[in-house]
Amino acid sequence: MKVAGFTIIKNAVVNDFPILEAIRSILPVVDEMIVLIGDSTDETIALIESIGDPKIKIHHSVWNKALRKGGVVLADETNKALATVPTDADWLLYIQADECLHERYVPMVRAAMEKYLHDDEVDALLFDYLHFYGNYSMVGDSRRWYRNEIRIIKNHRNIISWKDAQGFRTADAKKLKVAHCGACIYHYGWVKHPKFQQQKQAQFHRLWHDDKYMAAKVLTSESFDYSSIDSLKHFDGTHPEVMMSRIEAMDWKFEIDPTKKNFGLKAKVLYFIEKMFGWRVGEYKNYQLIR
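Residues numbered from 1 in each chain as written. Predicted model: local features only at pLDDT ≥ 70, side-chain atom pairs only at ≥ 80, totals over all residues. Heavy atoms only, no water.

### Considering the overall build of the protein chain
Cut-off, in case you're wondering: Every helix listed is a DSSP run of H or I at least four residues long, and every strand listed is a run of E at least two residues long, numbered separately from the N terminus. The reference for a compact globule is 2.2 Å times residues^0.38; the radius of gyration itself is calculated from the C-alpha atoms. Residue exposure (1.4 Å probe, protein chains only): buried if accessible area is under 20% of the type maximum, exposed if over 50%, otherwise partly exposed. By definition in these notes, contact holds between two residues if any of their heavy atoms fall within 4.5 Å. Residue-level accessible areas treat just the shown protein chains as cover; the underlying method is Shrake-Rupley with a 1.4 Å probe.
Looking only at helices and strands, the protein chain has eight helices and 13 strands in total. A compact globule built from 291 residues should have a C-alpha radius of gyration of about 19 Å, and the protein chain, at 19 Å, falls within 12% of that. Taking the principal axes of its C-alpha atoms as reference, the protein chain extends roughly 50 × 45 × 40 Å. Counting across all 291 residues of the protein chain, residues that qualify as buried make up 51%. Pairs at least 24 residues apart make up 79% of the contacts formed inside the protein chain by residues separated by at least 6 positions. Summing over all exposed atoms, the protein chain offers an accessible surface of approximately 14,100 Å²; the carbon and sulfur share of this is 53%.

### Points about unusual backbone geometry
Excluding glycine, residues mostly have negative phi values, and the peptide bonds linking residues are mostly trans. Within the chain, H156 stands out as a residue other than glycine whose phi angle is a positive 60°. As for its placement among the helices and strands, H156 is situated in the loop between β8 (148-154) and β9 (159-162).

### Overview of the pairing of β8
Inclusion rule: If DSSP finds at least two bridges between two strands, the strands pair.
Buried residues dominate β8, accounting for seven of its seven residues. Across three bridges, strand β4 (residues 91-94) lies against β8 in antiparallel orientation. Residue pairing across strands places L92 opposite I153, the latter belonging to β8. Judged from the five bridges that link them, strand β6 (residues 124-133) and β8 form a sheet pairing that is antiparallel. Residue L126 lies in a different strand from β8, and its bridge partner there is I150.

### Overview of helix α1 (residues 19-26)
Extensive coverage of α1 is indicated by the burial of seven of its eight residues. Among the residues making up α1, those that are buried are I19, L20, E21, A22, I23, S25 and I26.

And the structure:
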């Protein structure tokens with residue numbers, strides 16, 4: 001069984017992406033790691049080269065500025081990365097620049113790939129998600145956060161990155177048939193110094209919105225306001241070992257009372273139903289769970 005990893009990255013330094021941690025977290029799982037670096041204006045190339053692992057294969061790309069609306073450029077870049085993966089790989093493991101796989105899940109992920117390698121009904125493997133917010137001890141627990149997504153796909157199945165690169169579908173837009181691998185992806189995209197978080201928002205909202213929206217909604221502050229979140233809960237587990245240096249270097253404070261919620265009536269009712277019965281009413285699922 002051969003496994004190839006792949007990811008995309010642009011301006012990792014200026015946006016303070018934990019891309020080194022993301023890549024290192026999946027190196028024990030993969031036989032080869034494709035990193036597609038966009039036309040960065042900072043030291044991203046040197047940063048990736050500093051990992052110094054022979055598994056890593058660096059490719060370069062120029063992001064299409066015309067693909068601004070809806071984050072489509074992210075899927076376009078992901079599909080470019082997909083086009084460079086080794087043709088003899090059985091599985092492809094995708095990791096985004098602000099995600100990590102905890103080392104305790106490595107045996108579980110490998111076992112799932114072995115289990116479903118020859119199951120022709122299974123196109124991909126599904127992961128649970130933890131979305132950290134504000135600091136490393138709080139996670140989002142409201143409907144705004146997706147609970148599951150595909151991060152491992154089979155090779156040679158006409159699979160492409162979907163919409164803004166959150167997940168995958170077939171080239172003719174059909175949902176993939178997935179098996180849950182039992183593991184969890186740790187998402188750190190909302191844990192940065194408020195200054196860097198605001199810079200990231202300014203960079204990435206440009207991939208979704210026009211200049212008028214940017215001027216009115218995003219380019220109005222030098223520091224991101226974390227306090228406007230609707231609902232958080234305490235995280236009492238452990239973080240991936242690759243994240244520990246970054247966590248220890250945290251140089252800002254974010255404190256919030258997780259018992260206080262910022263919901264309207266409808267959201268409050270839906271939140272109550274989910275917490276009581278485990279059912280997220282009307283949940284969007286970009287996959288078909290069969291195992």
